[in-house]
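# Descriptive structure summary
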Amino acid sequence: MSEIINNYKKIINQIENYKKEFSRTSRNPELIAVSKTFSSDKIQIIIDEGQRIFGENKVQEAQKKWTKLKSTNKGIELHLLGPLQSNKIKPALEIFDVIQTIDREKVVVKIKKHLDLNVTEKKHKFFIQVNTGNEEQKSGVKINEVEEFLEWCTKKINLNINGLMCIPPVNEEPSIHFNILRELCDRLGLVHSSMGMTIDFKAAIQFGATYLRIGSGIFGPRS
Ligand SMILES: *Cc1c(COP(=O)(O)O)cnc(C)c1O
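Below: a short report on this structure. (Residues numbered from 1 in each chain as written. Predicted model: local features only at pLDDT ≥ 70, side-chain atom pairs only at ≥ 80, totals over all residues. Heavy atoms only, no water.)

### Thoughts on the site of the ligand
- Neighbouring residues of the ligand: Val34, Lys36, Asn57, Leu81, Ile167, Met197, Thr198, Arg213, Ile214, Gly215, Ser216 and Arg222.
- Ser216 is positioned with one of its backbone polar atoms (N or O) 2.7 Å from an oxygen atom of the ligand.
- Arg222 places a side-chain nitrogen or oxygen 2.8 Å from an oxygen atom of the ligand.
- With the chains in place, 90% of the 390 Å² that the ligand exposes on its own is no longer accessible.
- The site holding the ligand turns out to be the second largest pocket. (Near = heavy atom within 4 Å. Polar contact = N/O pair within 3.5 Å; in protein donor to acceptor, adjacent residues only side chain to side chain. Areas by Shrake-Rupley, 256 points an atom, 1.4 Å probe, with all protein chains shown as cover. 1 Å grid on protein atoms, 1.4 Å probe; cavity = no way out; pocket = protein on both sides within 12 Å on 5 of 7 lines; lining within 4 Å. Sits in = over half its atoms within 2 Å of the grid points.)

Below, the structure is given as structure tokens:
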């Protein structure tokens with residue numbers, strides 16, 4: 001248990017140091033603690049340390065853990081980092097504050113419809129997932145289709161998109177992909193770039209991430 005606190009403090013420290021080291025290009029990223037597969041008890045440990053931004057990959061797992069955690073802890077911002085199925089839109093919008101994995105028209109239409117029918121005070125943020133490696137089986141919009149998809153989301157459907165996210169291919173230098181994502185954000189006028197995980201968050205800070213997604217570096221290895 002105290003190991004999680006130690007890991008957490010170490011990561012926070014490293015982030016602060018890299019922000020200073022790369023002060024010219026860093027965009028002051030915030031830490032998303034990726035808590036997928038970890039129990040509510042473990043999550044509570046770092047909520048008690050002051051962490052408020054978390055990420056999960058699955059709608060059902062998030063509902064199970066975060067309905068309670070959100071009701072007993074104020075100010076939580078929960079990000080969906082895994083694929084969003086079109087039959088899970090309603091529960092996803094209920095439990096999550098930020099959806100990072102928008103990648104096709106069908107889910108955009110359904111999200112918009114749900115938001116129009118359910119007026120809430122919650123102000124969601126939406127990011128488009130970009131397949132920066134143009135990998136065949138990977139989800140995400142291909143680089144050369146992002147601009148058109150973004151235009152369609154914002155102008156045709158009127159869904160506000162706030163940023164882009166990427167997961168670089170495993171065997172490639174991540175900074176190339178982080179650079180592509182940040183330049184794409186700037187060209188398209190998007191504030192947020194979600195990039196960088198436990199193994200590569202240093203480069204993500206250097207290349208201008210606004211959100212880092214760190215799981216095992218805090219909670220330990222996933223079984
Ligand atoms: C699991 C996951 C992370 C966190 O990965 P770690 O290597 O544990 O830091 C980040 N982003 C996404 C999309 C993930 O699925």
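Moving on from the coordinates now.
### Describing the layout of surface pockets
- Within this model, the largest pocket holds a volume of roughly 300 Å³.
- What lines the largest pocket is a set of 15 residues, and nearest its centre among them are Leu115, Lys123, His124, Phe126 and Asn160.
- When residues of the lining of the largest pocket are traced back to their parent elements, those giving at least two are α5 (105-117) and β5 (125-131).
- Considering each element in turn, the lining of the largest pocket owes the most residues, 3 residues, to α5.
- For the lining of the largest pocket, the per-class residue count stands at 4 nonpolar, 6 polar and 5 charged.
- Per-class residue counts for the lining of the second largest pocket are 6 nonpolar, 5 polar and 3 charged. (Points joined across faces, edges and corners; volume = space filled by probe spheres on them. Helix = DSSP H or I, 4+ residues; strand = E, 2+ residues; numbered from the N terminus. Nonpolar A, V, L, I, M, F, W, Y, C, P; charged D, E, K, R; others polar.)

### Re helix α7 (residues 174-188)
- Under the 1.5 Å per step criterion, the end-to-end length of α7 is 21 Å for 15 residues, consistent within 8% with the ideal 21 Å.
- When α7 is considered as a whole, its buried residues turn out to be Pro174, Ser175, His177, Phe178, Leu181, Arg182, Leu184, Cys185 and Leu188.
- Looking at the buried positions of α7, the neighbouring elements they touch are β5, α6 (146-156), β7 (163-166), β8 (192-194) and α8 (201-206).
- Positioned one or two residues after α7, Gly189 has a phi angle of 75°, which is positive. (Expected span 1.5 Å × (residues − 1). Buried < 20%, exposed > 50% of the residue type's maximum accessible area, 1.4 Å probe, protein only. Contact = heavy atoms within 4.5 Å.)

In short, the description is geometric, and any link to function would need to be established separately.
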